[in-house]
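So you can see what is in the structure, the chains are spelled out below.
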Number of protein chains: 2
Amino acid sequence: MRIALAQVNATVGDLAGNSDLIIEWTRRAADQGARLVVFPEMMLTGYPVEDLALRASFVAASTAALQAAAERLAAEGLGGIAVVTGYLDHKPGLAPRVGLPAGFDEYRYFVPGDTLPVFRMPSGGGQAVDVAIAICEDLWQDGGPVTAACAAGAGLLVVPNASPYQRGKDDTRLELCQRRAREAGAALAYANMVGGQDELVFDGDSIIVDASGRLLARGPQFEDALVVADLDLPAASAPQSPAETPVDARDGSVITIRRLELADAARPAAVGAAEARATWPRLPDLDEVYAALVTGVRDYVRKNRFGSVILALSGGIDSALTATIAADAVGPDRVHVVLMPSRYSSDHSVTDAEDLVKRQGLHSRTVPIRSVVDAFEAELDLTGLAAENLQARIRGMILMSLSNEEHHLVLTTGNKSELATGYSTLYGDSAGGFAPIKDVFKTLVWELARWRNRQAESRGETPPIPENSITKPPSAELAPGQMDSDSLPDYPVLDALLDDYVEHDLGAAELVAAGHDPALVDRVVAMVDRAEYKRRQYPPGPKITSKNFGRDRRLPITSRWREPARSAGGAQVPSGTQLA
Amino acid sequence: MRIALAQVNATVGDLAGNSDLIIEWTRRAADQGARLVVFPEMMLTGYPVEDLALRASFVAASTAALQAAAERLAAEGLGGIAVVTGYLDHKPGLAPRVGLPAGFDEYRYFVPGDTLPVFRMPSGGGQAVDVAIAICEDLWQDGGPVTAACAAGAGLLVVPNASPYQRGKDDTRLELCQRRAREAGAALAYANMVGGQDELVFDGDSIIVDASGRLLARGPQFEDALVVADLDLPAASAPQSPAETPVDARDGSVITIRRLELADAARPAAVGAAEARATWPRLPDLDEVYAALVTGVRDYVRKNRFGSVILALSGGIDSALTATIAADAVGPDRVHVVLMPSRYSSDHSVTDAEDLVKRQGLHSRTVPIRSVVDAFEAELDLTGLAAENLQARIRGMILMSLSNEEHHLVLTTGNKSELATGYSTLYGDSAGGFAPIKDVFKTLVWELARWRNRQAESRGETPPIPENSITKPPSAELAPGQMDSDSLPDYPVLDALLDDYVEHDLGAAELVAAGHDPALVDRVVAMVDRAEYKRRQYPPGPKITSKNFGRDRRLPITSRWREPARSAGGAQVPSGTQLA
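All chains use their own residue numbering, which begins from 1 and follows the written sequence. For naming, the first written chain is A and the first written ligand is 1, with later ones following in the order written. Owing to the predicted nature of the model, reporting of local features is limited to residues with pLDDT of at least 70; listing and counting of side-chain atom pairs is limited to 80 or more, with chain, interface and lining totals taken over all residues. To get the side-chain values, take all heavy atoms of the structure and skip hydrogens and water.

## Considerations on the overall build of chain A
Item 1. Secondary structure elements are defined from DSSP: runs of H or I of at least 4 residues count as helices, runs of E of at least 2 residues count as strands, and each element is numbered from the N terminus. Scanning chain A for helices and strands turns up 17 helices and 18 strands.
Item 2. Relative to its full complement of 580 residues, chain A shows a buried share of 64%.
Item 3. In this description, contact between two residues means that some pair of their heavy atoms is separated by no more than 4.5 Å. Taking as baseline every contact in chain A between residues at least 6 positions apart, the subset at least 24 positions apart corresponds to 74%.
Item 4. Accessible surface area values rest on a Shrake-Rupley calculation with a 1.4 Å probe, where residue burial reflects the displayed protein chains alone. Of the roughly 20,300 Å² of accessible surface on chain A, 52% is carried by carbon and sulfur atoms. Throughout, exposure labels follow a simple rule: accessible area from a 1.4 Å probe, protein chains only, divided by the maximum for the residue type, with under 20% read as buried, over 50% as exposed, and the rest as partly exposed.

## Overview of unusual backbone geometry
Residues and elements named next belong to chain A.
Item 1. With an omega dihedral of -10°, the bond running from tyrosine 47 to proline 48 counts as a cis peptide bond.
Item 2. Topologically, proline 48 is positioned in the loop between strand S2 (36-38) and helix H2 (56-75).
Item 3. We note that histidine 407 has phi near 65°; this positive angle belongs to a residue other than glycine.
Item 4. Within the secondary structure, histidine 407 sits in the loop between helix H9 (384-406) and strand S18 (409-410).

## Looking at the packing of helix H5 (residues 285-303) of chain A against helix H11 (residues 442-458) of chain A
Residues and elements named next belong to chain A.
Item 1. Angles run from 0 to 180 degrees between N-to-C directions of axes, and those axes are lines fitted to C-alpha atoms, restricted for helices to the stretch in contact. Here H5 crosses H11 at 100°, and the two axes come no closer than 10 Å. Considering their axes alone, H5 and H11 lie roughly perpendicular with respect to each other. Residue-level inspection shows Leu286, Asp287, Val289, Tyr290 and Leu293 of H5 in contact with H11, the latter providing Leu444, Glu447, Leu448, Trp451, Arg452 and Arg454.
Item 2. A breakdown of the residues in the contact of H5 with H11 according to their chemical character gives 7 nonpolar, no polar and 4 charged. Orientation is classified from the angle alone, with under 35 degrees giving roughly parallel, over 145 giving roughly antiparallel, 65 to 115 giving roughly perpendicular, and any other angle giving oblique. Any residue that is not Ala, Val, Leu, Ile, Met, Phe, Trp, Tyr, Cys, Pro, Asp, Glu, Lys or Arg is counted as polar, Gly included; the first ten are nonpolar and the last four charged.

## Topic: the confidence of the model for chain A
Residues and elements named next belong to chain A.
Item 1. For every residue, the predictor assigns a confidence score, pLDDT, that lies between 0 and 100. With 90% of its residues at a pLDDT of 70 or more, chain A shows a mean pLDDT of 88.
Item 2. Across residues 91-107 the pLDDT falls below 50, and counting only partners more than four positions away or on other chains, this stretch makes 48 contacts in the model.
Item 3. In this model residues 570-580 is a low-confidence stretch, pLDDT under 50, and it forms 20 contacts with partners more than four residues away in sequence or in other chains.
Item 4. Across the predicted assembly, pTM comes out at 0.92 and ipTM at 0.91.

## Overview of the interface of chain A and chain B
Item 1. Contacts between the two partners involve 86 residues from chain A and, on the opposite side, 86 residues from chain B.
Item 2. Simply put, the buried area is the total loss of 1.4 Å probe accessible area from both parts when two parts are fitted together. Looking only at chain A, the three residues that lose the most surface to chain B are A:Arg55, A:Thr558 and A:Arg560, adding up to 11% of its buried area.
Item 3. Salt bridges are defined as contacts in which a side-chain nitrogen from Lys or Arg sits within 4 Å of a carboxyl oxygen from Asp or Glu. Counting across the chain A and chain B interface gives 6 salt bridges.
Item 4. Those elements that provide at least two residues to the side of chain A that touches chain B are helix H1 (15-31), H2, H5, helix H8 (370-379) and H9 of chain A.
Item 5. Take the side of chain A that touches chain B: its biggest share by element is 12 residues, from H9(A).

## Quick word on the side chain of B:Gln221
Residues and elements named next belong to chain B.
Item 1. Here glutamine 221 lies in the loop between strand S11 (215-218) and strand S12 (225-230).
Item 2. Pairs of N or O atoms within 3.5 Å make up the polar contacts considered here, provided that, within protein, one atom can donate a hydrogen while the other can accept it, and that residues adjacent in sequence are counted only when both atoms are side-chain atoms. A polar side-chain atom of glutamine 221 sits 2.7 Å from the main-chain amide nitrogen of leucine 283.
Item 3. A distance of 2.8 Å separates the side chain of glutamine 221 from the side chain of glutamate 288, its partner in a polar contact.
Item 4. What glutamine 221 contacts, discounting residues up to four positions off in sequence, is Asp170, Asp203, Asp205, Pro281, Arg282, Leu283 and Glu288.

## Observations concerning H5(A)
Item 1. Taking 1.5 Å per residue as the helical rise, H5(A) with its 19 residues ought to reach 27 Å, and the 27 Å between its terminal C-alpha atoms agrees with that figure.
Item 2. Across the 19 residues that make up H5(A), a large majority, 15, are buried. An expected span of 1.5 Å times one less than the residue number is assigned to each helix.

## Notes on the pattern of salt bridges
Item 1. Using the criterion set out here, one finds 62 salt bridges over all chains in the structure.
Item 2. One salt bridge in this structure joins A:Arg120 and A:Asp130, with 2.8 Å as the shortest N-O distance. Here the residue A:Arg120 occupies a position in strand S4 (residues 115-124), and A:Asp130 occupies one in strand S5 (residues 127-133), the gap between them amounting to 10 residues. Of the two residues, A:Arg120 and A:Asp130, both sit in the buried class.
Item 3. B:Glu76 serves as the salt-bridge partner of B:Arg27, at 2.4 Å between the closest nitrogen and oxygen. Taken together, the positions of B:Arg27 in helix H1 (residues 15-31) and B:Glu76 in the loop between helix H2 (56-75) and strand S3 (82-84) put the pair 49 residues apart, joining distant regions of the chain.
Item 4. Judged by its relative accessible area of 32%, B:Arg27 is partly exposed.
Item 5. When its relative accessible area of 34% is taken as the criterion, B:Glu76 is described as partly exposed.

## A word on the relation of the copies chain A and chain B
Item 1. What sets the superposition is a least-squares fit of C-alpha atoms, and only residues with pLDDT of at least 70 in both copies go into it. Mapping chain A onto chain B leaves a residual RMSD of 0.0 Å; the transformation is a rotation of 180° accompanied by 0.0 Å of translation along its axis. This pairing of chains is accounted for by a two-fold axis. Residues of chain A ranked by C-alpha distance from the rotation axis are headed by A:Gln537, positioned 2.1 Å from it.

## Section: helix H14 (residues 491-503) of chain A
Residue and element names in this part refer to chain A.
Item 1. Along H14, the residues that are buried comprise Tyr491, Leu494, Asp495, Leu497, Leu498, Asp500, Tyr501, Val502 and Glu503.
Item 2. Contacts made by the buried residues of H14 are with helix H10 (416-421), H11, helix H13 (484-487), helix H15 (508-513) and helix H16 (518-530).
Item 3. Positive backbone phi, at 60°, marks aspartate 505, one or two positions downstream of H14.

## Topic: the environment of B:Leu419
Residue and element names in this part refer to chain B.
Item 1. One can find leucine 419 in helix H10 (residues 416-421).
Item 2. Its relative accessible area of 3% is what places leucine 419 among the buried residues.
Item 3. In the structure, leucine 419 is positioned 357 residues away from serine 62 in sequence and 38 Å away in space, judged by C-alpha atoms.
Item 4. What leucine 419 contacts, discounting residues up to four positions off in sequence, is Lys438, Ala531, Arg535, Tyr538 and Phe549.

## What to know about the environment of A:Leu511
Residue and element names in this part refer to chain A.
Item 1. Within the secondary structure, leucine 511 sits in helix H15.
Item 2. We classify leucine 511 as buried; its relative accessible area is 0%.
Item 3. Between the alpha carbons of leucine 511 and valine 294 there is a distance of 33 Å; along the sequence they are 217 residues apart.
Item 4. Those residues in contact with leucine 511 that sit more than four places away from it in its chain are Leu497, Asp500, Tyr501, Leu506, His516, Val521 and Val525.

## A short note on the packing of aromatic side chains
Residues and elements named next belong to chain A.
Item 1. By convention, a stacked pair of Phe, Tyr or Trp rings (six-membered ring in the case of Trp) has centres within 6.5 Å and planes under 30 degrees apart, an edge-to-face pair has planes over 60 apart, and any other such pair is tilted. Under the defined criterion, the tally for this structure stands at 13 aromatic pairs over all chains.
Item 2. On the numbers, 5.4 Å between centres and 65° between planes, the contact of tyrosine 165 with phenylalanine 222 is edge-to-face. Of this pair, tyrosine 165 sits in the loop between strand S6 (156-161) and helix H4 (169-184) while phenylalanine 222 sits in the loop between strand S11 (215-218) and strand S12 (225-230), and the two are 57 residues apart along the sequence. For the pair shown, tyrosine 165 and phenylalanine 222 are each scored as buried.

## Some details on the sheet that holds strand S1 (residues 2-7) of chain B
All names here are of chain B.
Item 1. Reading across from one edge, S3-S2-S1-S12 is the order of the 4 strands in this open sheet, with mixed pairing throughout. Whereas interior strands pair on both sides, the edge strands pair on one side only; in this sheet they are S3 and S12. The average angle at which neighbouring strand axes cross in this sheet is 20°, direction not considered.
Item 2. Relative to strand S2 (residues 36-38), S1 runs parallel, the two sharing 3 bridges. The partner of leucine 5 across the bridge, within S2, is valine 38.
Item 3. H1 rests against S1, S2, S3 and S12 of the sheet, and its axis sits at about 35° to S12. At least two bridges found by DSSP between two strands is the condition for calling them paired.

## Some remarks on the packing of helix H6 (residues 317-330) of chain A against H11(A)
Packed helix pairs are specified by the crossing angle of their axes together with the interaxial distance, meaning the distance between the axes.
All names here are of chain A.
Item 1. Where H6 meets H11, the axes come as close as 10 Å, and the angle between the chain directions of the two elements is 50°. Relative to H11, the element H6 lies oblique. Along this stretch, H6 crosses H11, giving a crossing that reads as left-handed. Where H6 approaches H11, its residues Ile317, Asp318, Leu321, Thr324 and Asp328 are matched on the opposing element by Lys442, Val445, Trp446, Leu448, Ala449 and Arg452.
Item 2. Taken together, the residues of the contact of H6 with H11 sort by class into 6 nonpolar, 1 polar and 4 charged. Should the near helix be turned anticlockwise from the far one by less than a right angle, the crossing is termed left-handed; should it be turned clockwise, right-handed.

## A closer look at the pairing of strand S16 (residues 335-339) of chain B
Residue and element names in this part refer to chain B.
Item 1. Burial analysis of S16 places 5 of its 5 residues in the buried class, which makes it a mostly covered element.
Item 2. Burial along S16 is two-sided: Val335, Val337 and Leu339 and His336 and Val338, pointing in opposite directions, are all buried.
Item 3. A crossover connection joins strand S15 (residues 309-312) to the parallel S16 through helix H6 (residues 317-330); in handedness this β-α-β unit is right-handed.
Item 4. The sheet contact formed by S16 and strand S17 (residues 363-366) spans 4 bridges and is parallel. Its bridge partner being in S17, leucine 339 is matched across the sheet by threonine 366.
Item 5. Clockwise travel from the first strand over the helix to the second, with the strands pointing away from the viewer, marks a crossover as right-handed. Remark: the S16/helix H7 (residues 347-360)/S17 crossover connection has right-handed handedness.

## As for the sheet that holds strand S16 (residues 335-339) of chain A
Sheets are built from strands paired through backbone hydrogen bonds, the pairs being either parallel or antiparallel.
Residue and element names in this part refer to chain A.
Item 1. The 4 strands lie next to each other as S17-S16-S15-S18, forming an open sheet whose pairing is parallel. Unpaired on one side and paired on the other, strand S17 (363-366) and S18 mark the two borders of the sheet.
Item 2. Running over the sheet, H6 touches strand S15 (309-312) and S16 and is turned about 170° from S15.

This is the structure in structure tokens:
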């Protein structure tokens, strides 16, 4: 039996547009001779809808749209292909949520369901097959619906998903699908969403495996696609009655198998015997990360209907990479950069910025800030950090002013190392509507920049980022001769420590045990903890790790907890004692 | 049997300080002759700890601190009084969480427990009584632990809570306690936290009722207190074995009653036969709201160790009320205000601001912004909204600069009506670390200002807010002759609509059915939806309603959902059709 997974880009709240996608891709699937097409989780509404799930008018519109889509499919002669699509309803429907992922606030909205739908459909040649449906999170739990599917004797388990990208997740996903297929004793089809939604980027990577776990088809990453495979499925044999059967789901819960029958429909038209495009190659690691960032920016701009973006271009590596991602996402003609030198800007910062502009063909202007700084300083006596921050804020205000005047989306150029340590000025370099490299540590910023230049070279294109922007020591240039290394440890050392503290939530003792310098642990952990209030007001940006600041890592601003100091010659400060 | 509820102000992460509070207030309870003292939920760690619950080092420190506190109590001769206190542990402990409130992300951290601890303790005169423990959310669910407590034959049900303030909640709370006491057939003691924690303000209002629901004692609102009552409790009679008994909790779950025995301890010393202060009066509505805001500000400043606050004083009502709340919270000597007139500022805006400064004795300075505006405008051609926003942003930057230079906490003066409609400049009037009236609609701002002046008069004090600030028509004064009413509906009309849309989540059809003008519904709903990105970057502020922007109301920024237009002569736009 030929099945298809429609790996598509739904937009939250766009019931009409998402319905159009369902019709269009069902037609494509039917044209390819598929008997069944599976769409991603919450396809009709987009995902995640957050508190829209509590809005009665939205839920009503969603169920009405589902009905309308079903009628359109029938009216357009697509009634012969089985369509599995996610939607939103007050009561569990054909595709009930069973497991609920803890990181996604799902418990605000959804009640864990306890039903596994199993429908019997014609598979060709007078045969029928039993198909079970589970949703996303169900796969990550042991037992549960997978066990129930096995008990039901299903030949195929389809799993609609809206699973966001994270580095390394694609490997985990394949292994998971293979393992669950074997446990269920059924072929498994995992259909995932594609595209950006605020901070989440769905990476596609849809998968079809057979009951032994053998990979039959795999969709591309970050692109729409129809993923098609021909499955050898056992004929359905389980009795259709009773229509509901409780099953011990092996994880302490009881799941009810609910059996349904699909009407025997006309055989779908197959267009010739076209070879199904089965498997796209996986992207290497840096290609994948970069594609996630570009997708995140592109979709935020497109779905929010911005015509252009604007950002500060300092000559440094962060703004250089951000500009490059933006140009790759929306095209250089829609990218505007602003050079804003102060009295502390080196000559090379200006020339490096101008070099990048020329290489990429961006719109550029220069707005020197010295006179504005002088006007402020005539009114206020500012020294030290206050004076440094003033410059950053003036730049932020210039960008916001130009955004208001000319209707660009302001892109923030800050990276994850800065946001973690608080080496960032609130309303200065943090100003903006979207922050493309928010979840990217500084060391990875350099890696991506080098990768992007190599990619250009391999294609015979001009490398987009001037070499000097990559190799020069980083500096915020807010004071004479200032270097990041005045305030921060070397980035490779810092980022390794930040990764262990932020991503893996290791405490001070564990960080030292992992090999980090005790004095550095004390200093950096304190910096990170103190900067929570800055992160609370930061713009959204695409998630590429398991702990994107904001959604994935929530700590109180008001907190007297301090990891116990490690650096006093090994003597541990008693737990709970507070430092000043 | 005399019991005490220690209604105290724990600080998140301050294990040592919170432990000290447990010792101190247990001593006070013992001095009053209490046999049992109940502390709020998560007393030892503070609440909510958010992702600190996932930090192994913090959990370990918490359990160690609990052990240490128990040892201190014994060492200080307080071993004879039973102490019920919340803490954090990986496995359900003596006070396991059973129900989990959906609005509080608890599902990120806690597994619903299924055990009701019931401990038998001496009640005096050779008698013993069975005391059951449930936590906070348990009370709000039908059945569940309350049913189990009844089945266990408990004479007293104690419920530690960290229940945040919301207008009108105190009425609900009492009725709930009364109802559950009757259902459990037991006296019920509800101990609540006091104090501010980021956006939440815990209001105390601890309650003791007998098994018939009669109110025996009630703590004050927003103040620490020991709430004491003498209970007539039935002698414990249920067999202590088996030690665990499953009970159908009537809500579909099964709860295990786990019976424990407290060692027969020395009779606690009673200090004379002092009359227990049983019941404090409830505050009237506006007093209560105002106390919540003052508590929120006071605790944010104190717990984050700020020495002073700074805010813009425009002569208008929002900044006037914010300054007054700040002065009431931290004292006028720690409140700094900045007058920042532009060419569009009326004379009265300056004189009204100066009048308030004089009435309250605040620190004041004037920083005219005209020359800074001119310097910006020499570099950029700005018109309309861009030019207006520039002024607001310059003011924001001045406040942030002074904060950096002089170490004040910047208070944002924006109200809920502005934040809802987006009538607010990102990084302008939104700039700051804490926003005292963030959750206060404009109409309530006026009410509170009038109330505060009346309160002053009734005490023979100078009314803190100039009458003109209250009575003049509101204006942002960012353009000549500008009035709020140019851009927004009349506030009483607007706020009523916002309340129904934001607080009650009514859709467009329901809003019209509720009596709001259809054209206004379309316009205002669209404004609110479009402003989500501004709210995402707003500073925290104290919650007084059920939907404080931020934590309580989460919508996607990227969303094409539009409530169906209502104003086209009654013709409804088909659901799902998107407006441009």
